[in-house]
Amino acid sequence: MLRADLETDQPAFKGGGGNPAAFPQKKRCNLKKRTPPIHTGAFHALPPLQERQGAESSHRQDSLQAALCRNVRIFCGGVLIFHQDVSASFLTCLFLWIPAAPRLSHSRPGVAGHLEDFFMKQPFCAPSEALRRVLDAAAALPRPETETVPLDEAGGRIAAGTLSARMDQPPFDRSPFDGYALHSADIAGASRETPVTLPVTMKLYAGDAPASPLPAGCAARIMTGAPLPEGADCVLMQELTDSGEETVQLYAAMKPQQNVVFRGGDIAAGAVIAEAGTVLSPAHLGVLAGQGYAEVPVYKTLTVGVLATGSELLAPGEAWTPGKIYDANGVQNAARLRQLGFAVNRRHCSDDPEEIAREMRELLAECDAVITSGGVSVGQKDYLPAVLEQLNADILFAGVAQKPGSPMLAGKIDGKLVFCLSGNPFAAAATLEQYAVPALLRAAGRCEESCLLPRTTRTLTTGFSKPSKGNRYLRAKAMGGSVTIPGEGNAEAHSSGSLSAMIGCNCLVELPAGSGPVTPGEEVEVLSFVQ
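Quantities reported herein were computed from a predicted structural model and do not represent experimental measurements.

Rules used in this analysis
Residues numbered from 1 in each chain as written. Predicted model: local features only at pLDDT ≥ 70, side-chain atom pairs only at ≥ 80, totals over all residues. Heavy atoms only, no water. Helix = DSSP H or I, 4+ residues; strand = E, 2+ residues; numbered from the N terminus. Polar contact = N/O pair within 3.5 Å; in protein donor to acceptor, adjacent residues only side chain to side chain. Contact = heavy atoms within 4.5 Å. Pairing = 2+ DSSP bridges. Axes fitted to C-alpha atoms, helices over the stretch in contact; angles between N-to-C directions. Phe/Tyr/Trp six-rings, centres within 6.5 Å; stacked < 30°, edge-to-face > 60°. Buried < 20%, exposed > 50% of the residue type's maximum accessible area, 1.4 Å probe, protein only. Lys NZ or Arg CZ within 6 Å of the ring centre and 35° of its normal.

**Q** Any chance you could break down the side chain of E433 for me, citing the residues and the numbers?
**A** Inspection of the secondary structure assignment puts E433 in helix α9 (residues 425-443). Of the polar contacts made by the side chain of E433, one reaches the side chain of R336; its length is 2.7 Å. Sequence-distant contacts of E433, that is, excluding residues within four places in its chain, are made with R336, P438, L453 and F529.

**Q** With reference to specific residues and values, describe the sheet that holds strand β7 (residues 196-204).
**A** The sheet built from five strands is open, its strands ordered β9-β6-β8-β7-β10 with mixed pairing. Edge strands, defined here as strands with exactly one partner in the open sheet, are β9 (234-237) and β10 (247-250). Neighbour-to-neighbour, the strand axes of the sheet open up by a mean angle of 40°, direction not taken into account. Pairing of strand β6 (residues 179-182) with β9 involves four bridges; the strand directions are antiparallel. Each residue of the ladder has a partner; that of L182, found in β9, is C234.

**Q** Hey, could you go over the sheet that holds strand β24 (residues 507-511) for me, with residue numbers and the actual values?
**A** Pairing within the closed barrel is mixed, and its five strands lie in the order β21-β23-β22-β24-β25. Averaged over all pairs of adjacent strands, the angle between strand axes in this sheet comes to 55°, irrespective of strand direction. When strand β22 (residues 472-479) meets strand β23 (residues 482-484), the two strands line up antiparallel, connected through three bridges. Note on β23: the bridge partner recorded for A478 is V483. Across the sheet, α9 touches β22 and β24, and the angle it forms with β22 is around 75°.

**Q** Which residues make up the packing of aromatic side chains, and what values do they have?
**A** The full count for this structure, using the stated rule, is one aromatic pair. Note on F397 and Y435: the rings are 5.9 Å apart at their centroids and 65° apart in plane angle, and the pair reads as edge-to-face. Of this pair, F397 sits in strand β18 (residues 394-398) while Y435 sits in helix α9, placing them 38 residues apart in sequence. Both residues of the pair, F397 and Y435, count as buried. The ring of Y293 carries the charged tip of R166 above its face, separated from the ring centre by 3.6 Å.

Here it is as structure tokens:
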């Protein structure tokens, strides 16, 4: 690998011993933007290296450029990681130790300064690509273990196998209302002016089984849900009769098969009720109950660790002190995950990299995935990128091209998904919905279609006053064909640090890069939160 360790203002972390392989140091850089990791296929080619004298030097630089274009996988924390097909001699050539920032000066020739300048200019991951990466990573994980639960406890759980109808429903032809079961031929031409009178030879209630066929020229008194006797091919509602008990006058003619609920008319034996990966709704449970299911196989519930980082954080209920704020992100993220059926292990910790790493190790040992908030941007105490590097994370993306939430990181550690969200409350809430929720639901066993935020086009009832240079997502309330942006066009209500405007919101309004201000009456793309 090529390691470009920049000058650091901080001593080595405890236990580091000055070893460059120990906990990464905070890096000092004059550029304002943090560099996202570079993924294969995310760039076309390195820019030309500065010319040097001699054909041999030129040839080496051309080879370096070509090799980097072929083999760079990730740039994270000053480290380039290559495919394994890089030759040993090439790695020997590229393993550079650069201890001081001046060695990386943009005004100096050489590989290190050139690479830093190149990587600093790489764009963040596009929202659609970021979503695709986390969904694919989730789908590649082993499915959760299964368990069998009583039907009464299966609501909201994810079916672990295909559930099919065991029998026709209804299991017999039945009456849809109170009336009389008849042979349609017996009442041809009947009307109020010319009623037909028939003897009533049997009476059937719901739950009864007819003891014999219905003879021609006779009527059977029948109640809603009762099975039709053999031979009867229609039902006349009692409002079109004189409601007689021994004989009945019938005031209307009927066609064969009229007013009959047929066997299997609701669902036929063998029909699929729920595919594997379906979230079982109350309607599913009703249909399954009608098929005699007492219990069903479901995926075991995943546990998600929720870690809010920040030395400023207090747990709700603690006495407030100046400079402190209460942990709102952790509580909100945990509540949303529980609403979606996850178990949650919630914690918060200070801005100490060793403490963050320790908490993450513990959560990774106890949970199936981890979500953090705070510490992902470019501040002096934003340690999450360095912690992920120390924990050998496989980075899926680092930075997404949108507002809010652009510094977000996503990766895998020991086969478990990790999402590091912004500490700004709305930025955390938006990216949780856009990326973490779909991926976690996919990992929990849901089919992909039910993990995605439903996309619709709706009409604005309120506007937003700022242009959007990049992709922007606004919290909103969708109802019917319209959508309302809170704040009556006040852009300040949509700052990343504002949380109260999120109350009652059920969707995000998507404003593509290059959009101007939007006004009431315009149509916009809306992403509804997953249910």
